[in-house]
Amino acid sequence: MRYLLRRIGGAAVVLSLAFIAAYVMLTALPGDAVLARYGSPDLGLSAAELAEIRAAYGADRPALVQFLETVTSFLRGDLGYSVQTGAAVSALLAAALPSTLALASLGLLVAVTVAVVIAVVATHGGLRHLGATRALRSALRGLPPLMVSLPVFWIGIVLLQVFSFRLGLVPVLNASPLQSLILPVLTLAIPIAAPLAQVLIRSIDEVSAEPFVAVARARGASTRWLLTRSVARNATLPALTMAGLLFGELVSGAVVTETVFGRMGVGLVTAQAVAARDTPVLMAVVVLSAVVFVVINLVVDLLYPVLDPRLRSSTAAPTRREAVAAR
């Protein structure tokens, strides 16, 4: 219980710091969102009308008062209103979130699947029953560094050019909901799978060299049994940590992916808010991303003692860094 309370307290501190940092950076920009939206001479608004609009949005109040009001509103669940559209920010995010969640979930699932396949085939422990050659192992070991170096927007453009425009396998227009997810999911999954595969390959190699694996092999255990029963469980812990940390890549990748493919989601809403300097929307997106990121990593921390009995303690559980060191 003390470990759980400590981790929840740490998560609360991280969320508070993320909120403060986002607020300071967004408000430190020259001008404000109201002037960026309504200050254009083409609208023909007078100075008095601009001042009235700024007062309606609370942009004319002291910075400390605005900060305290923003904190209070967020704690109540009131995310404010978009300066660009006038709609409630909570309504905008509620409409965009399901599409982004579907994209991120499928992207993470595909990334984990690709990473596991690459790691198993590329390591000695998973190759004997697959008949993989040394050349194939070497090629697969060199694949993750190449994948991680590819920009997300470049991957999306190449996939569009090859599979949509060249081969015509995935339609760009009038695509079904499933077809519209294929290329965005692949675009999001490729750079996420690379670091996962790297960590898994290294972890499987290290665990396979442990004495208990050699003892089990000497007793006649098959390669498949060693991989699934002994090696995989111990090699999963560092990869689990990496998966939690890579959630930030999912968020930033979703912004680029949804922009490239024109998918409606939190990423596209964020890109539009950046272009319009819609501060309330940007603030809500940052807080939402921070909440999900902290929750995912909190769950990862709590899973460590469940996956490895050596890390369980009646008084406290170790941190993820200590857990990896203990492994």
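If you look the chain up in an unreviewed UniProt entry, it shows as Peptide ABC transporter permease from Brachybacterium vulturis. Word for word, the UniProt comment on the chain under Sequence similarities (unreviewed entry) is "Belongs to the binding-protein-dependent transport system permease family."

## Brief notes about the overall build of the chain
For the chain, the count of helices and strands is 14 helices and 0 strands. For the chain, the N- to C-terminal ordering of α and β elements is α-α-α-α-α-α-α-α-α-α-α-α-α-α. Buried positions account for 37% of the 327 residues belonging to the chain. When the accessible surface of the chain is summed, it comes to about 17700 Å², and 68% of that surface belongs to carbon and sulfur atoms.

## Things to note about the environment of Leu150
Mapped onto the elements of the fold, Leu150 is located in the loop between helix 6 (134-148) and helix 7 (152-166). For Leu150, a relative accessible area of 24% gives the class partly exposed. Considering only alpha carbons, one finds Leu150 and Pro191, 41 residues apart in sequence, at a separation of 7.0 Å.

## Points about the nonpolar core
Counting residues in each nonpolar core, the largest one holds 28 residues, and the members touching the most others are Ile118 and Ile192. Per element, the largest residue contribution to this core is 14 residues, and it comes from helix 8 (residues 179-208). Among all residues touching Ile118, those that are not within four sequence positions of it are Leu140, Leu143, Pro144, Met147, Ala197 and Ile201. One finds Phe67, Leu79, Val266 and Ala273 within the second-largest nonpolar core, a separate group that totals 19 residues.

## Examining the pattern of salt bridges
One pass over the structure, following the stated rule, counts 1 salt bridge. The shortest N-O distance in the salt bridge between Asp78 and Arg76 comes to 3.9 Å. Under the relative-accessibility criterion, Asp78 is labelled partly exposed at 32%. Residue class for Arg76 comes out exposed when judged on its relative accessible area of 57%.

## Some details on the packing of aromatic side chains
A complete count under the given rule lists 3 aromatic pairs for this structure. Ring geometry for Phe19 versus Phe74: centroids 5.4 Å apart, planes at 75°, classification edge-to-face. With Phe19 in helix 1 (residues 2-27) and Phe74 in helix 4 (residues 63-76), this residue pair connects regions lying 55 residues apart in the sequence. For the pair Phe19 and Phe74, a shared accessibility class is recorded, and that class is buried. For the ring pair Tyr23 and Phe67, a centre distance of 5.1 Å and an interplane angle of 65° mean the geometry is edge-to-face. Remark: Phe67 occurs in helix 4 and Tyr23 occurs in helix 1; sequence separation between them is 44 residues. Pair check on accessibility: Tyr23 and Phe67 agree, each one buried. Taken together through their ring pairs, the aromatic side chains of Phe19, Tyr23, Phe67 and Phe74 make up a single cluster.

## Looking at the environment of Phe293
Relative to the assigned elements, Phe293 resides in helix 13 (residues 279-307). Given the relative accessible area of 28%, Phe293 is considered partly exposed.

## Side note on the confidence of the model for the chain
When pLDDT is averaged across the chain, the result is 75; 76% of the residues are at 70 or more. Of all secondary-structure elements in the chain, the lowest mean pLDDT belongs to helix 14 (residues 320-326), at 46, while helix 5 (residues 89-122) reaches the highest, 85. Counting interchain partners and residues more than four positions distant, the pLDDT-below-50 stretch residues 125-131 has 15 contacts. Contacts for the low-pLDDT stretch residues 314-318, under 50 throughout, to residues beyond four places or in other chains number 11 contacts.

## Some details on the side chain of Arg263
Summarising the element assignment, Arg263 is placed in the loop between helix 11 (247-261) and helix 12 (266-276). Comment: no salt bridge for buried Arg263; closest opposite-charge side chain is Glu258, at 5.1 Å. With residues near it in sequence (within four places) discarded, Arg263 still touches Ser99, Leu103, Ser180, Leu181, Pro184, Glu258 and Leu268.

## Points about the side chain of Asp278
Counting through the fold element by element, Asp278 comes out in the loop between helix 12 and helix 13. Looking at Asp278, the relative accessible area reads 1%, which means it is buried. Side chain to side chain, Asp278 and Ser82 meet in a polar contact 2.4 Å long.

## Things to note about helix 8
With 30 residues, helix 8 should reach 44 Å at 1.5 Å per residue; the first-to-last C-alpha distance of 40 Å fits that figure. Along helix 8, the largest kink reaches about 30° and is centred on Ala189; proline Pro191 follows within four residues of it.

Cut-offs used in this document
- Residues numbered from 1 in each chain as written.
- Predicted model: local features only at pLDDT ≥ 70, side-chain atom pairs only at ≥ 80, totals over all residues.
- Heavy atoms only, no water.
- UniProt positions renumbered as here; feature names shortened; annotations may be inferred.
- Helix = DSSP H or I, 4+ residues; strand = E, 2+ residues; numbered from the N terminus.
- Buried < 20%, exposed > 50% of the residue type's maximum accessible area, 1.4 Å probe, protein only.
- Areas by Shrake-Rupley, 256 points an atom, 1.4 Å probe, with all protein chains shown as cover.
- Core = buried A, V, L, I, M, F, W, Y, C linked by side-chain atoms within 4.5 Å.
- Contact = heavy atoms within 4.5 Å.
- Salt bridge = Lys/Arg side-chain N within 4 Å of Asp/Glu carboxyl O.
- Phe/Tyr/Trp six-rings, centres within 6.5 Å; stacked < 30°, edge-to-face > 60°.
- pLDDT = per-residue confidence, 0-100.
- Lys, Arg positive; Asp, Glu negative; His and termini not counted.
- Polar contact = N/O pair within 3.5 Å; in protein donor to acceptor, adjacent residues only side chain to side chain.
- Expected span 1.5 Å × (residues − 1).
- Bend = angle between axes of the 7 residues up to and from the residue.

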